[in-house]
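What the coordinates show
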Amino acid sequence: PDIPQPISHQPQLLVLEGSLGTVEIFPAIWKALEDLTREDEAARASALEQIADMGAARISPVVSYFLVTRIIEPNLDLRARVVEILSSVLTADENGLPSPEDVRNSLRIYLAAIRTRQIYALLQVSAQYPQLESCITLLLSASSFGGNHLVDILEERKNPLNIRKQAALMIGQVGYLYTLPAMEKIAGRLEAHLSGQKSMNFINQSSSTETELLPLVKEAINSLISQ
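Report follows, based on the coordinates. Just so it is clear, the model here is predicted, and its values are computed rather than measured.

**Notes on the overall build of the protein chain**
For the protein chain, the count of helices and strands is twelve helices and zero strands. In sequence order, the protein chain lays out its α and β elements as α-α-α-α-α-α-α-α-α-α-α-α. Every one of the 227 residues in the protein chain was classed for burial, and the buried ones make up 46%. Look at the contacts in the protein chain between residues 6 or more apart in sequence, and 71% of them connect residues 24 or more apart. Accessible area of the protein chain: about 11,300 Å², with a carbon and sulfur share of 54%.

Have a look at this one:
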């Protein structure tokens, strides 16, 4: 299934009671999670801000798991906020302190389960919000097989050009070394097609797309080779 499933020891709510001060905010966290399931976008937006303000995703693997399921949030602005909150779990806070190890490990397990649908949704965020590219790179780094899905997205001609570009970019940034043979084949096909078009002095939308895509594919290849 597209949506990551909880691992066997989930869900556990005891984590919310395991850190100082979290017993008192548990009802608010529970309410925020409920609001994330509502159709009303304003309610979902408010719920995300409450979760962020309380740092709930950083203290509970249950909350971080729930947010992973929201990577496919229909509203792109809210999806971008989900990306920010999730990436904050894997980075140090303003005081330089990491989130609990069990929370980080659980989040990585959940992210390892994402598939093409979720990765495509992340690429839509990176295309719209370039400032979040590092956050998305961090999340994709937890998906060891994410490179296969990115290659599939890159190769699919029906996908928008900006999404295919992001797929090439992320392959290089995350460093999926095992995709190198596939990326070299893609580059070869793009070059061959462009060469054929030029020899016939024929330019169409397809060749324009390939002209824009090829440099990013080559850049990703060079990044992989240099690792």
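From this point, the discussion proceeds with the structure in view.
**Remarks on the environment of Ile 221**
Take Ile 221: it is sitting in helix 12 (residues 205-225). Separated by 49 residues in the primary sequence, Ile 221 and Gly 172 place their C-alpha atoms 6.8 Å from one another. Residues in contact with Ile 221, not counting those within four places in the same chain, are Leu 180, Met 183, Glu 184 and Ala 187.

**Side note on the pattern of salt bridges**
For the coordinates displayed, the defined rule picks out ten salt bridges. One salt bridge connects Asp 35 with Arg 38, and the closest N-O pair in it is separated by 3.6 Å. Since its relative accessible area comes to 42%, Arg 38 is described here as partly exposed. Linking Glu 155 and Arg 189 is a salt bridge whose minimum nitrogen-to-oxygen distance equals 2.5 Å. Taken together, the residues span a long stretch of sequence, with Glu 155 in helix 9 (residues 146-155) and Arg 189 in helix 11 (residues 180-199) at a distance of 34 residues. In this structure Glu 155 comes out as partly exposed when scored by relative accessible area, which is 36%. Here the salt bridges do not stand alone but share partners, grouping Lys 31, Asp 35 and Arg 38 into one network.

About the cut-offs
- Residues numbered from 1 in each chain as written.
- Predicted model: local features only at pLDDT ≥ 70, side-chain atom pairs only at ≥ 80, totals over all residues.
- Heavy atoms only, no water.
- Helix = DSSP H or I, 4+ residues; strand = E, 2+ residues; numbered from the N terminus.
- Buried < 20%, exposed > 50% of the residue type's maximum accessible area, 1.4 Å probe, protein only.
- Contact = heavy atoms within 4.5 Å.
- Areas by Shrake-Rupley, 256 points an atom, 1.4 Å probe, with all protein chains shown as cover.
- Salt bridge = Lys/Arg side-chain N within 4 Å of Asp/Glu carboxyl O.

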